[in-house]
Structure formats: structure tokens, C-alpha cells
Amino acid sequence: MGLSFGKWARDLSRWLPPAALAHAGQPAALFFHGVEPVTDDARVQTNHHEVAAFRDILKGLKDFDVLPLDAIDDVLAHPGRHARSLFLMSDDGYRNTLTVAADILEEFRMPWTLFVSTAHIGSGQPNPIFLARLFFFYAPPGDYALPHLGTVHLAGEESRMKSALSGVDRLRFLPGEQAQETLAAMRAAFAAGELETLIARFASEKFLDWNEVRALSRRGVTIGAHADRHWPMHAGQSPDWLRQQAAGARARIETEVGPCRFFAYPFGNKRDVGAAAWKAVRDAGFSHGFTTMSGSLSAGGNPWLLPRYGLGPRDSHVASLVPLLFAGNPRLRRWQAGLA
Ligand SMILES: [Zn+2]
């Protein structure tokens, strides 16, 4: 099934009426990022649902039991009793989760968990992938010699699209310290003030500050950790980096908000999470870690490598899709076993 699992499930779910699957359920975790009234550049604002599409997705979930994440212990112990149970999660910590998403989720009476990348909360530091996308799509035309990536040629729309695709992928698998150097060179491609203007234009990418995270916590949102910097915890990262990503993020949330026992890996796919990563998460005192590998919560296995499904921008067939997620379990278990 490989990496196209999400596409397979999405395509199949279009043809299956939800009623056909009502008794075939398995508990699952679903996540989104931000929610915006409208987005104006899909190449850059890749992480945000538009309000209308987000509402359609939640309507599709109305016959499920959306539970607070503290129910995870019971769900994992008794998946058979939780055939219609779901957990809803939001990653990164965008400000629009407070200004837009929270009200909608309250209206639907759906509890949810927010996983925040602590270095970005209240610091004005944008998501590095957003910065990289601004570079690929908005830096002046030219050839750029970037540390660790080589020469990147930016001209017309097509060359930018191609460079962005391969460049973001290569950047993501660099050791964190090297990626910082590449990103600094990307920033330097812009004239003074130009990057700041662009960042301000895409208000969707603005992170919450700690007062706002606390406000969400008071409204009943569970606050989890999405590492310290928004960067993969792959096998190329040093032990110190991983410790900061796991233990550092947890300590910060416990100081700023309160007890924190849930973790979600940035990117969280096969190549983004190494064996040392989940051990760092376990050793930091988290009870559970969520990946972005597809599967259902009946898969069993390592509680620090649980599956989650990333909601697509217009996944309105989600009621038929959720019961299919269990088909990812064999691949998930093989991956978990390989990281033992
Ligand atoms: Zn993320």
C-alpha cells in the first residue's frame, strides 16, 4: 500500500456509503493544523482548512464519539468497546486555532487536543517549512548557492514548483543544525523588510503566544507537545537535539500551562521518526506519542508510535474513510517492529 495509503482510503471512501461501514468501526485519531476563513495562496498556506470545508468535515463526524484524549488509556485497553470513538487533534499551534477553530469545535461539542511546538509559541519564529516555501515562491529570480542543498535556480512558476518540491524534501532530512544554516541563507535572499512584509501577509502562519495557549486550556482543550522546534526527529538528529525536542518541550509546557503527557512528532511519517526519537519521548515522561502513519488505534504495539490520519483540505467523505484506517495497521506494526 506504501505511501499512497491516504489516497487509497480517500478514493475508496468516496464510493462507500457510511451506513455500510457503521459496524466495521475501529477507534482512530485524526488531525488538522489551522482553520482560516479563506486562504489566498495554496502553495504557501498548505496547512490550513477553509472554514466551510472544515465544517463539512465535522458534519461528517457527527455519528462518531469524539472523546477527550484522556480517554486514550481506556480506548487502547478496550478498542472493541470503542468502535465509534475518535480523537481530534490540531498540530503546530497556529493562532487561528483560537480565533477560528475553537469556536467551531465548541459549536459541534467536539473535544480536541492542541499539540504545540514550544520554540514557536510567542517567539515570532515562523514554521521553517513556511519560510522555505516563501523562499521558493517569492525570492527574487536567480541562482542561489545554499549551504547543504547546493545551487537552486528560481525563475518561472514551473521551476519554482519543482525546486520547492525537491528542496523542501531535502531540507527536512538534514540534521537540524545544518537546516538552520540553509534557512538563514534562504532568509538572506530577501531585501531588508521584504520577508517581514510577506510573513505579515500570511497571518494564517502566526503562532499562538502562551497566554493564548492557556486560554485554550481553560476552555477545555488538552495541550500536548509537538516538539520544541518544528523539525523532524529522524535518525540523523543528535541525542542532545532529541532530548531538547522531547524533554525540553514537555518542561516548557508544564511551566507555562500545566501537566503534559501527550506528544505528536513533527511531520511524523516513516522517515521523520527514528528509533532514538520515540525513546527520547518515552524517557521525557510522555505516556503516548502520535505519528502521522495511517492506522487505527486497535493496532496495538508501541504506545509512543501510535497512528494518526491527517485530514485533507476537503475530506468530506470522512465518515466512510475512518472505518478503513485499520487497513494501515500491518504496515504500521512492521514499522514499529523495525524501530524496536
Ligand atoms: Zn506539525
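That block above? That's the structure.
Bear in mind that the values here come from a model prediction, so they are computed numbers and not experimental data.

Engineer: How should I be thinking about the coordination of the zinc ion in this particular structure?
Structural biologist: Coordination angles at a metal have ideal targets, namely 109.5 degrees for four tetrahedral donors and 90 or 180 degrees for six octahedral donors. All of the protein donors around the zinc ion are Asp92 (OD), His226 (NE2) and His230 (NE2); their distances to the metal are 2.0 to 2.2 Å. Sequence positions of the donors to the zinc ion reduce to the motif D-x133-H-x3-H. You can call His226 buried: its relative accessible area is 1%.

Engineer: Before we go on, may I ask you to explain the pattern of salt bridges in this structure?
Structural biologist: When their charged atoms lie close together, side chains carrying opposite charge are able to pair. In total, this model carries 18 salt bridges according to the counting rule given. Among the salt bridges present, the one from Arg261 reaches Asp73, with a minimum N-O distance of 2.8 Å. Of this pair, Arg261 sits in the loop between helix H10 (239-256) and strand S10 (262-264) while Asp73 sits in helix H3 (residues 72-77), placing them 188 residues apart in sequence. Among the residues examined, Arg261 registers a relative accessible area of 25% and is labelled partly exposed.

Engineer: Help me out: how do you make sense of unusual backbone geometry in this one?
Structural biologist: The phi torsion at Asp92 lies on the positive side, around 95°, for a residue other than glycine. Among the structural elements, Asp92 can be located in strand S5 (residues 85-92). If you check the backbone angles, Ala227 has positive phi at about 70° while not being a glycine.

Engineer: Where do I start with the pairing of strand S6 (residues 113-116) in this structure?
Structural biologist: If a strand is regular, its side chains alternate between the two faces of the sheet. Neither face of S6 is open: one carries Thr113 and Phe115, the other Leu114 and Val116, and all of them are buried. Two strands pair when backbone bridges link them, and S5 and S6 are joined in this way by 4 bridges, in the parallel orientation. Its bridge partner being in S6, Ser90 is matched across the sheet by Leu114. Read as a crossover between parallel neighbours, the route from S5 over helix H4 (residues 96-107) to S6 is right-handed.

Engineer: Quick question: what am I supposed to make of the packing of aromatic side chains here?
Structural biologist: Each aromatic ring pair is described using two quantities: the centre-to-centre distance and the angle formed by the ring planes. Under the criterion given, the structure shown has 12 aromatic pairs. Ring centres 5.1 Å apart and planes at 70° place the aromatic pair Phe135 and Phe136 in the edge-to-face group. Each of the two residues, Phe135 as well as Phe136, counts as buried. When the ring of Phe263 is compared with that of Tyr265, the centres are 5.1 Å apart and the planes differ by 70°; the resulting orientation is edge-to-face. Judged by relative accessible area, which is 0%, Phe263 ranks as buried. Put simply, the rings of Phe32, Phe54 and Trp112 touch in pairs and so form one group of aromatic residues. In this structure, Arg84 packs its charged tip against the face of Phe64, placed 4.1 Å from the ring centre. Between the NZ or CZ atom of Arg308 and the centre of the ring of Phe31, over which it lies, the distance is 4.1 Å.

Engineer: What exactly am I supposed to notice about the layout of surface pockets here?
Structural biologist: A water-sized probe, rolled over the atoms, reveals where empty space remains. Its volume calculated, the largest pocket comes out at about 1,500 Å³. Lining the largest pocket are 49 residues, and of these His33, Arg172, Phe267, Asn269 and Thr292 sit closest to its centre. If you list the elements that add at least two residues to the lining of the largest pocket, you get helix H1 (5-15), strand S1 (28-32), strand S3 (48-50), S5, helix H5 (128-138), helix H6 (157-172) and strand S12 (309-310). The element that contributes the greatest number of residues to the lining of the largest pocket is H6, accounting for 6 residues. Looking at the lining of the largest pocket, its residues break down into 21 nonpolar, 14 polar and 14 charged. In this structure, the second largest pocket occupies an estimated 260 Å³ of space. If you go around the second largest pocket, you meet 18 residues; those closest to its centre are Gly124, Ile199, Glu205, Lys206 and Phe207.

Engineer: It is not clear to me how the packing of H5 against helix H8 (residues 194-201) should be interpreted in this structure. Could you clarify?
Structural biologist: Two quantities define a packed helix pair, namely the angle between the axes and the distance from one axis to the other. Where H5 meets H8, the closest approach of the two axes is 11 Å, and the angle between their N-to-C directions is 115°. One way to sum up the angle between H5 and H8 is to call them roughly perpendicular. Once H5 is placed against H8, the crossing between them reads as right-handed. In this structure, H5 uses Phe130, Leu131, Leu134 and Tyr138 to contact H8, whose residues at the interface are Glu194, Leu195, Leu198, Ile199 and Arg201. Looking at the contact of H5 with H8 residue by residue, the classes come out as 7 nonpolar, no polar and 2 charged.

Engineer: For this particular structure, what's the right way to read the environment of His288?
Structural biologist: Relative to the elements of secondary structure, His288 occurs in strand S11 (residues 288-290). Under the relative-accessibility criterion, His288 is labelled buried at 5%. Separated by 10 residues in sequence, His288 and Trp278 have C-alpha atoms that sit 9.5 Å apart. Looking at His288, its side chain comes within polar contact range of the side chain of Ser287, at 2.8 Å.

Engineer: Would you mind going over the packing of H5 against H6 with me for this structure?
Structural biologist: Two elements in contact, H5 and H6, have axes separated by 9 Å at closest approach and are oriented at 155°. Considering their axes alone, H5 and H6 lie roughly antiparallel with respect to each other. Handedness of the H5/H6 crossing: right-handed. Facing Ile129, Ala132, Phe135, Phe136, Phe137 and Tyr138 of H5, the residues of H6 in contact are Arg160, Met161, Ser163, Ala164, Gly167, Val168 and Leu171. When its residues are assigned to classes, the contact of H5 with H6 shows 10 nonpolar, 2 polar and 1 charged.

Rules used in this analysis
Residues numbered from 1 in each chain as written. Predicted model: local features only at pLDDT ≥ 70, side-chain atom pairs only at ≥ 80, totals over all residues. Heavy atoms only, no water. Donors = N, O, S within 2.8 Å, 3.2 Å for Na, K, Ca; no water. Buried < 20%, exposed > 50% of the residue type's maximum accessible area, 1.4 Å probe, protein only. Salt bridge = Lys/Arg side-chain N within 4 Å of Asp/Glu carboxyl O. Helix = DSSP H or I, 4+ residues; strand = E, 2+ residues; numbered from the N terminus. Pairing = 2+ DSSP bridges. Right-handed = clockwise from strand over helix to strand, strands pointing away. Phe/Tyr/Trp six-rings, centres within 6.5 Å; stacked < 30°, edge-to-face > 60°. Lys NZ or Arg CZ within 6 Å of the ring centre and 35° of its normal. 1 Å grid on protein atoms, 1.4 Å probe; cavity = no way out; pocket = protein on both sides within 12 Å on 5 of 7 lines; lining within 4 Å. Points joined across faces, edges and corners; volume = space filled by probe spheres on them. Nonpolar A, V, L, I, M, F, W, Y, C, P; charged D, E, K, R; others polar. Axes fitted to C-alpha atoms, helices over the stretch in contact; angles between N-to-C directions. Parallel < 35°, antiparallel > 145°, perpendicular 65-115°, else oblique. Left-handed = near helix turned anticlockwise from the far one by under 90°. Contact = heavy atoms within 4.5 Å. Polar contact = N/O pair within 3.5 Å; in protein donor to acceptor, adjacent residues only side chain to side chain.

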